[in-house]
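What follows is each chain in one-letter form.
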Amino acid sequence: MTKNGSSEFRLVGTRPNRPDGLDKVTGRARYGADASMPGMLHGAVVRSPHAHARIVKIDTSKAEALPGVKGVVTRADFPTGLTGEDWDLQENTMAGEKALYDGHAVAAVAATSPLLAQEAARLIEVEYEVLPHVIDVDDAIKPDAPAIRPGAADHSVPEGSPPNVVRYLEFGHGDIEAGFAEADLVMENTYKTEATHQGYIEPHACVGQLGADGKGEMWVCTQGQWYIRRMCAAVLGIEAAQLRVTPSEIGGGFGGKTTIFMEPLSLALSRKAGGKPVKIVMSRSEVLRATGPTASASMDVKIGMKKDGTITAGYANFRMQGGAFPGAPVDMALYCAFAGYKLANVKHVGYDVLANRPKCAAYRAPGSPMGAFAVESLVDEMARKLGLDPLDVRLKNAVREGDKASYGPTFGSIGLVETLEAAKAHPNLKAPLGPNQGRGVACGYWFNHGGETSVSMAIGEDGTATVSVGTPDIGGGRASIALMVAETLGIDYDDVRVNVVETGALGVNEPTHGSRATFASGKAAVESTNQAIKEMCRRAAAEWGIDPEAVEWVNGAAQPTSSNAGKFAPMTIKEIAAKMGSTGGPISGHYEGLPSGVGASFGTHVVDVEVDPETGRTTILRYLVVQDAGRAIHPAYVEGQYQGGAVQGIGWALNEAYIYGEDGRLQNPIFLDYRVPVASDLPMIDTVIVEVPNPGHPYGVRGVGETGITPPLPAIANAIEHATGQRIRHLPISPPKLLKAIKSAAPSGPTLQAAE
Amino acid sequence: MSKIHVTTTVNGDEVEFLTDPRETLLDCLRDHLDLTGSKEGCGTGDCGACSVTVDGTLVSSCLMLGVEAEGKKIETIEGMAGKDGELHPLQRKFIEHAALQCGFCTPGFLVASKALLEKNPDPTETEVRYWLAGNLCRCTGYDKIVRAVMDAAAEMRGAA
Ligand code: FES
Ligand code: FES
């Protein structure tokens, strides 16, 4: 085990094998689709082939007549009268009057085998009246766009707004006009990003069972079993407490598995089929057509800058569509857009717009990558124009502890400056660049999150510890929590077992989202452990006949302090545990609450690219991620988050996009056409873990999962301009798009600048 | 549709199953033989999560029909460790290098990497990256996977 950075800890900062490693390299780990139950049926879903259509009639008779079919459900099988978000969830689960996007579920069937269920689904006849649709956000916000859901706008939307605007926000501080007047250079541009999918390799899968008595169970791959429980209960009109949800191992989520899609359908089908369990496993094309991609964005940004790089004012006007439902993360995008800059004058305006696309779900730092693409691109364009170093411009304006954030609050301890300085010092910045090569930098931000948390830990009779957490382990969370508990207790890492438990075992937990598992469940686990330690000290004190306050916990043992120091030999955790049955019973600790003290995380990325002038293809030559972790509990998994986030961002910048036809149908619903980065596209991803400890966490953790996806979008666009002289303001920067820009800029053939 | 009887060898054991001729080898492994270690990430041959070897050749089991397994020798992730449970060096190195996050792609990467090292015990980084280009991982950015494969190769060559 190699230690990282400080050695003030015995275990925190080391890299032990993860507790679930063996199961995962042997194929034993059980994911969503790996469970079966006795008497289990298989479900299949009928989906709309139209982007926008009135459902005239659904005829299920032929399907129901097929031997082996045990149940069919349509919206008629769901309760009515839901409102707000619950109605949105129900409508997205199963279309009501209208199909709102290509892939929207309209019926579902359960049968004795998956093939039979698919056959039955094909026998369900749906009559549609096709309606005009709208896909692109700039089209959707037009006053004459087809109205998707009249009446869906909330109170924030000004009177007379276009029909698909459902939310409006405006905030800022200072006087931007005065700020622009102070500037030596004012620039304004429009930027666009396309919808991308989280692209977890495991498709959604569940087995649901619901009886006529309203009691049910579910096995499901999810980031949050309590969210599944609450949402399914709401959509089906059952009691949350009667539904027991067990999370499987999860094959990636990135925010996309924090909500429901087909889960209520399995329960509804089960209820229809006399309570038999029903398994539903989505195909990849169902995942791409009908689960949450991210939003697409169209963004205007205006910035004023002085000759020395000081930013005098910033203005952002963002339009985002998140599908046929409210919820595009335009708020988050705006909060994050200027978060790295100390600005006296800043204004933000945002529109959440409906379009005929699937309901967006969270995707790693939702909104932040789009905002960063717009702002970090424009800052780079301006630095270039003024002949300034892009890292120096960021350092000059960087927020520090005590600064007022662009979105209002005052920053506590943050590490943006430290990441910029570490990036500047990194050898990658000295690597020489050849012809057609360029270098780009950009910063990114994520708030991180605490959230509803309930954790329980118990000491075993042999002095080992079991920790029950409610946050599914996506990227090594169990390892980091075990490290912190073992460190706190003074026992071995291998003597702690962390279990991710079902909804009946703990109070409500929010999902593993917001980069919160190691922060929130970790903090809760440490507090639970401290409770157990206190109890063990009390048991030792009772045996010694001294005041419990005069006992402290050192290296896994209770020992007397002050006047009693040395009077009694330390009592180890093993000794205390062995006797617990006769000294007062089980020893455990609990935490329920909303962990405060969240620490935000900034990152700085530096990328070197080479552009092939013949094809427009961009190759990543070098990639550096520098990010503030607060403290890296298990550095290998922190690096893994940095690397994985960066590569998702690289895909977003260069390849990935939802492509729709004129008919409003998704044209690339398989991995062949929705191309995520593969191993041969990439170099090693270099990482630097900056540690500016978060004072709000016992070990200084900030949360590291999300920030890393944010900087690659602008950093790559910036590097491409450096390599080619072409500024691309609309992602993805695919080879044909870049080639066209290169060719049109230089009709006599490309003249690429050799970077210095 | 009437089912077909298939006899085949999986991880050294002779097995039999009845399959609908529309079912893939992956369906048969998972649903009829309870070997759920091979995963379906796409069903279209694009992600490699279902990688197995058939008579020594690396295939996407989602692209092969179950009936085609008749008389073949199939190796899956479940057969990779020794009988006594001793891990293959690739499995050990994947754990040591933290080459998995969610782990869903891991069985496919391990089976594909083993096939690579049998053909080419001393691959360059570029050779590893191109061989594994048919396996998608959305979590790791591939860095640690490539390192784990290179390190396992070195160990297996006795060069570690
Ligand atoms: S499931 Fe076979 S290649 Fe993806
Ligand atoms: S570890 Fe999650 S897909 Fe590879």
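Given the structure is predicted, the values throughout are model-derived calculations rather than measurements. (Residues numbered from 1 in each chain as written. Chains lettered and ligands numbered in written order. Predicted model: local features only at pLDDT ≥ 70, side-chain atom pairs only at ≥ 80, totals over all residues. Heavy atoms only, no water.)

K.L.:
Give a description of the overall build of chain A that names residues and reports values.
P.N.:
Within chain A, the regular secondary structure consists of 20 helices and 26 strands. Against the globule reference of 27 Å for 756 residues, chain A gives a C-alpha radius of gyration of 27 Å, in line with a compact fold. Seen through its principal axes, chain A has C-alpha atoms that stretch 90 × 75 × 50 Å. In chain A, the share of contacts with a sequence separation of at least 24, taken over all contacts with a separation of at least 6, comes to 79%. Within the structure as shown, chain A displays about 25500 Å² of accessible surface, and the carbon and sulfur contribution to it stands at 50%. Here chain A holds 69 positive side-chain charges and 84 negative ones, and the gap between their average locations is 2 Å. (Helix = DSSP H or I, 4+ residues; strand = E, 2+ residues; numbered from the N terminus. Rg over C-alpha atoms; globule rule 2.2 N^0.38 Å. Contact = heavy atoms within 4.5 Å. Areas by Shrake-Rupley, 256 points an atom, 1.4 Å probe, with all protein chains shown as cover. Lys, Arg positive; Asp, Glu negative; His and termini not counted. Charge placed at Lys NZ, Arg CZ, Asp CG, Glu CD.)

K.L.:
Outline unusual backbone geometry, supporting the account with residue identities and numerical values.
P.N.:
Residue and element names in this part refer to chain A. Between Leu731 and Pro732 the backbone carries a cis peptide bond, its omega angle lying at -5°. Topologically, Pro732 is positioned in the loop between helix H19 (712–724) and helix H20 (735–745). Residue Ala365 is not a glycine yet carries a positive backbone phi of 55°. Relative to the assigned elements, Ala365 resides in the loop between strand E15 (346–353) and helix H11 (368–386). Taking relative accessible area as the criterion, Ala365 reaches 0% and is therefore assigned buried. Phi at Asn555 is positive, roughly 50°, even though this residue is not glycine. (Buried < 20%, exposed > 50% of the residue type's maximum accessible area, 1.4 Å probe, protein only.)

K.L.:
Describe the interface of chain B and chain A, with residues and values.
P.N.:
At the interface, 46 residues of chain B touch 52 residues of chain A. Here chain B meets chain A over a buried area of about 4000 Å², counting both sides, of which 59% is carbon and sulfur. When residues of chain B are sorted by the area they lose upon contact with chain A, Ile95(B), Gln101(B) and Arg138(B) head the list and together hold 21% of the total. Between chain B and chain A we count five salt bridges in total. For Glu656(A), the salt bridge identified is with Arg138(B), shortest N-O distance 2.8 Å. Between chain B and chain A we count 27 residue pairs in polar contact (both at pLDDT 80 or more) in total. Residue classes in the side of chain B that touches chain A are distributed as 21 nonpolar, 10 polar and 15 charged. (Buried area = accessible area lost by both parts, 1.4 Å probe. Salt bridge = Lys/Arg side-chain N within 4 Å of Asp/Glu carboxyl O. Polar contact = N/O pair within 3.5 Å; in protein donor to acceptor, adjacent residues only side chain to side chain. Nonpolar A, V, L, I, M, F, W, Y, C, P; charged D, E, K, R; others polar.)

K.L.:
Quick one: what's the story with the pairing of E15(A), residue by residue and with numbers?
P.N.:
All names here are of chain A. Burial of E15 is extensive: six of the eight residues sit out of reach of the surface. Pairing of strand E7 (residues 165–173) with E15, which is carried by eight bridges, proceeds in the antiparallel orientation. Residue pairing across strands places Tyr168 opposite Tyr351, the latter belonging to E15. Strand direction decides the pairing type here: strand E14 (residues 311–321) and E15, joined by eight bridges, are parallel. Paired with Phe318 across the bridge in E15 is Gly350. Regarding the hand of the β-α-β motif, the stretch spanning E14, helix H10 (residues 330–337) and E15 is right-handed. (Pairing = 2+ DSSP bridges. Right-handed = clockwise from strand over helix to strand, strands pointing away.)

K.L.:
Can you break down the sheet that holds strand E2 (residues 13–19) of chain B residue by residue, with the values?
P.N.:
Residues and elements named next belong to chain B. Taken in spatial order, the five strands make up an open sheet running E2-E1-E5-E3-E4, and their pairing is mixed. The open sheet has two edge strands with one neighbour each: E2 and strand E4 (57–60). Averaged over neighbouring strand pairs, the angle between their axes works out to 40° when direction is ignored. Across seven bridges, the pairing between strand E1 (residues 4–10) and E2 is antiparallel. Counted as the bridge partner of Val10 is Asp13 from E2. This element, helix H3 (residues 106–119), spans strand E3 (51–54) and E4 of the sheet and lies at about 40° to E3. (Axes fitted to C-alpha atoms, helices over the stretch in contact; angles between N-to-C directions.)

K.L.:
Which residues make up the domain arrangement of chain A, and what are the values?
P.N.:
All names here are of chain A. Assigned domains within chain A: domain 1 (1–30 + 385–448 + 599–756) and domain 2 (453–593). The partner domain 2 presents 21 residues to the 28 residues of domain 1 that form the contact. There are one salt bridge connecting domain 1 and domain 2. A salt bridge links Arg478 to Asp20, with the nearest nitrogen and oxygen atoms 2.9 Å apart. If you look at where domain 1 meets domain 2, you find 11 residue pairs in polar contact (both at pLDDT 80 or more). The class makeup of the residues in the side of domain 1 that touches domain 2 is 12 nonpolar, 10 polar and six charged. (Domains from an automatic or database assignment.)

K.L.:
Just give me the short version of empty space enclosed by the protein, but keep the residues and values in it.
P.N.:
Residue and element names in this part refer to chain A. For the structure shown, the criterion picks out five cavities of 30 Å³ or more. Taken together, 15 residues line the largest cavity, and the ones lying closest to its centre are Ala337, Gly340, Glu376, Cys443 and Gly444. Listing elements by their share of the lining of the largest cavity, those giving two or more residues are H10, H11 and strand E16 (437–446). Broken down by class, the residue content of the lining of the largest cavity amounts to nine nonpolar, four polar and two charged. (1 Å grid on protein atoms, 1.4 Å probe; cavity = no way out; pocket = protein on both sides within 12 Å on 5 of 7 lines; lining within 4 Å. Points joined across faces, edges and corners; volume = space filled by probe spheres on them.)

K.L.:
Quick one: what's the story with H10(A), residue by residue and with numbers?
P.N.:
All names here are of chain A. Where burial is concerned, most of H10 is hidden: six out of the eight residues are buried. Residues of H10 that are buried: Val330, Asp331, Ala333, Leu334, Cys336 and Ala337. Those residues of H10 that are buried are in contact with E7, E14, E15, H11 and E16.

K.L.:
Tell me about the nonpolar core, and please be specific about residues and values.
P.N.:
If you look at the biggest cluster of nonpolar residues, it comprises 182 residues, and the most contacted ones within it are Phe318(A) and Phe94(B). Not counting chain neighbours up to four residues away, the residues in contact with Phe94(B) comprise Val25(A), Ala99(B), Leu100(B), Thr106(B), Phe109(B), Leu110(B), Ser113(B), Ile145(B), Ala148(B) and Val149(B). Core analysis: the second largest hydrophobic core is formed by 48 residues, Val498(A), Ala550(A), Ile633(A) and Val701(A) among them. (Core = buried A, V, L, I, M, F, W, Y, C linked by side-chain atoms within 4.5 Å.)

K.L.:
Please provide a residue-by-residue account of the side chain of Thr503(A), values included.
P.N.:
Residues and elements named next belong to chain A. Here Thr503 shows up in the loop between strand E19 (496–500) and helix H15 (517–544). A polar side-chain atom of Thr503 sits 2.9 Å from the main-chain amide nitrogen of Val245. For Thr503, the residues in contact, after removing those within four places along its chain, are Gln225, Trp226, Arg229, Leu243, Arg244 and Val245.

K.L.:
Let's hear about the confidence of the model for chain A: which residues, and what values?
P.N.:
Residue and element names in this part refer to chain A. Looking at chain A as a whole, the pLDDT averages 96, with 98% of positions reaching at least 70. In this model, residues 1–5 is a region of pLDDT below 50 whose contacts with residues beyond four sequence positions or in other chains number 16 contacts. Residue range residues 748–756 is modelled with pLDDT below 50. Its contacts to residues more than four positions away, or to other chains, number 20 contacts. (pLDDT = per-residue confidence, 0-100.)

K.L.:
So what's going on with the packing of aromatic side chains? Which residues, and what values?
P.N.:
Residues and elements named next belong to chain A. Scanning the entire structure with this criterion turns up 20 aromatic pairs over all chains. Seen from their ring centres, Tyr191 and Phe373 are 5.9 Å apart, and the 85° between their planes marks the pair as edge-to-face. Of this pair, Tyr191 sits in strand E8 (residues 185–193) while Phe373 is found in helix H11, placing the two residues 182 residues apart along the sequence. You'll find Tyr191 and Phe373 in the same group, each marked buried. Between Tyr658 and Tyr674, the ring centres sit 6.0 Å apart and the planes meet at 80°, which makes this aromatic pair edge-to-face. Taken together, the positions of Tyr658 in the loop between helix H18 (635–654) and strand E26 (685–690) and Tyr674 in the loop between H18 and E26 put the pair 16 residues apart, joining distant regions of the chain. Pairwise contacts between aromatic rings join Phe171, Tyr335, Tyr407, Phe411, Tyr445, Trp446, Phe447 and Phe602 into one cluster. The residue whose ring lies beneath Lys302 is Phe180, and the NZ or CZ to ring-centre distance is 4.6 Å. (Phe/Tyr/Trp six-rings, centres within 6.5 Å; stacked < 30°, edge-to-face > 60°. Lys NZ or Arg CZ within 6 Å of the ring centre and 35° of its normal.)

K.L.:
Talk me through the domain arrangement of chain B; I want residue IDs and the actual numbers.
P.N.:
All names here are of chain B. When its domains are assigned, chain B resolves into domain 1 (4–79) and domain 2 (89–157). Spacing between the C-alpha centres of domain 1 and domain 2 amounts to 21 Å. Taking both sides of the interface into account, the surface hidden between domain 1 and domain 2 amounts to around 990 Å²; carbon and sulfur atoms contribute 69%. Here domain 1 and domain 2 share zero salt bridges between them. Applying the counting criterion to the domain 1 and domain 2 interface returns three residue pairs in polar contact (both at pLDDT 80 or more). In terms of residue class, the side of domain 1 that touches domain 2 is built from five nonpolar, six polar and three charged.

K.L.:
Summarise the sheet that holds E26(A); cite the residues concerned and give the values.
P.N.:
Residues and elements named next belong to chain A. Ordered in space as E16-E24-E25-E26, the four strands form an open sheet in which the pairing is mixed. Only two strands of the sheet have a single neighbouring strand rather than two, namely E16 and E26. Between one strand axis and the next, the sheet turns by 15° as a mean value, whatever way the strands run. Across 10 bridges, E16 lies against strand E24 (residues 601–611) in antiparallel orientation. Paired with Arg439 across the strands is Asp608, a residue of E24.

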